[in-house]
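Structure assessment
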Amino acid sequence: MAANGSVAAKLFPPGEFIREEIEARGWTQGDLAKIMDRPIQAVNEIISGKRSITVETAQALGAAFGTGPEVWLNLESAWRLHQERTDTTDIARRSRLYSIAPVKELVRRGWIEDAENLDDLERQVLDFMGMKSADATPSFEAVKSTRPIDVAWLRRAKMLAQGIRAKPYHRSQFVKKMSEIRDLVANEARVKEVPRFLAEIGVKLVLIEHLPGMQLEAATFWLGKSPVVAISMRINDAERFRYLLSDALGCIERGLSAGFMIGAVGHPQQQA
């Protein structure tokens, strides 16, 4: 019996295999119709490809030929796929974009435009994520293991930091001012003065809304010669903000190239 593979089904409709089975047994279409208790017109339409093989028909054919229904359902499915095959390249491209970036969130926040044209959308996503190709792995600076959702947040932080004016950074001045900074951060009434104070000593502070599924809560990194502190505004918690800011400033004080506060309080991941 030829009805045992999808390769053949790509070339011939299921009806051809039914015809072979009938001829091998010396039957007529009328005989098969009687055996299956179906109108001969229905059998003729199945053989000629005018009617699809349903589950019920597959069960009847399987019983008539002793093959089981799966053979006929597989042949029917393979043939329909062959006949109605469409180009799924764009679907695969969109899937990849959604894998490397939180596209929906980027659009919802206005960080990229909602482009119907796939080429435009891909260009925006790659530009935003700092990637040359959709086949690359999302990363931020020297951090290769950060998840796409976190990379997107860090990229946004970098973009915002580029628009902040700050005086040149000098480590000696920063260290000298650390006690004053900590006092300012600890003072709830004066915490709003922190961004301006930090800019005066060369540190850029950016506050960014939290993205769903993020693990990062705060980060420090360098933009040229300027250190940047980015804090996720997930909740309106002044105490939490002061803790994250103090921890991030500590990374800069220790001269780390990058620091990432992930998850619960007191569990920073840092890079020297």
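Residues numbered from 1 in each chain as written. Predicted model: local features only at pLDDT ≥ 70, side-chain atom pairs only at ≥ 80, totals over all residues. Heavy atoms only, no water.

**Some remarks on the environment of Glu-141**
- Inspection of the secondary structure assignment puts Glu-141 in the loop between helix 9 (118-129) and helix 10 (148-162).
- Residue Glu-141 is classed as partly exposed on the basis of its relative accessible area of 42%.
- As for Glu-141 and Trp-222, which are separated by 81 residues in sequence, their C-alpha atoms are 9.3 Å apart. (Helix = DSSP H or I, 4+ residues; strand = E, 2+ residues; numbered from the N terminus. Buried < 20%, exposed > 50% of the residue type's maximum accessible area, 1.4 Å probe, protein only.)

**So, the packing of aromatic side chains**
- Per the stated rule, a full pass over the model turns up 6 aromatic pairs.
- Ring geometry for Trp-27 against Phe-65: centres 6.0 Å apart, planes inclined by 20°, an arrangement best described as stacked. With a gap of 38 residues between them, Trp-27 in the loop between helix 2 (14-25) and helix 3 (29-36) and Phe-65 in helix 5 (residues 55-65) connect regions that are remote in the sequence.
- Residue Trp-27 is classed as partly exposed on the basis of its relative accessible area, which comes to 25%.
- With a relative accessible area of 6%, Phe-65 lands in the buried category.
- For the ring pair Tyr-169 and Trp-222, a centre distance of 5.3 Å and an interplane angle of 80° mean the geometry is edge-to-face. Residue Tyr-169 is found in the loop between helix 10 and helix 11 (171-186), and its partner Trp-222 is found in strand 2 (residues 216-223); the two are separated by 53 residues along the sequence.
- Looking at Tyr-169, the relative accessible area reads 14%, which means it is buried.
- When its relative accessible area of 30% is taken as the criterion, Trp-222 is described as partly exposed.
- Taken together, the aromatic side chains of Trp-27, Phe-65 and Trp-72 make up a single cluster linked through ring pairs.
- Positioned above the aromatic ring of Trp-27, the side-chain terminus of Arg-25 is 5.5 Å from the ring centre.
- Across from the ring centre of Trp-111, 5.9 Å away, lies the NZ or CZ of Arg-109, which sits over that ring. (Phe/Tyr/Trp six-rings, centres within 6.5 Å; stacked < 30°, edge-to-face > 60°. Lys NZ or Arg CZ within 6 Å of the ring centre and 35° of its normal.)

**A closer look at the nonpolar core**
- With 36 residues, the main nonpolar core has Ile-100, Val-125, Met-129 and Trp-153 as its most contacted residues.
- Elements supplying a minimum of two residues to this core: helix 7 (89-100), helix 8 (103-108), helix 9, helix 10, strand 1 (204-209), strand 2, strand 3 (226-233) and strand 4 (258-262).
- Here this core takes 7 residues from helix 10, the largest share from any one element.
- Excluding its chain neighbours within four sequence positions, the residues that come into contact with Met-129 are Ile-100, Ala-101, Pro-138, Ser-139, Pro-148, Val-151, Ala-152 and Arg-155.
- Counting residues in each nonpolar core, the second largest holds 23 residues, with Ile-181, Leu-184, Ile-201 and Met-261 among its members. (Core = buried A, V, L, I, M, F, W, Y, C linked by side-chain atoms within 4.5 Å. Contact = heavy atoms within 4.5 Å.)

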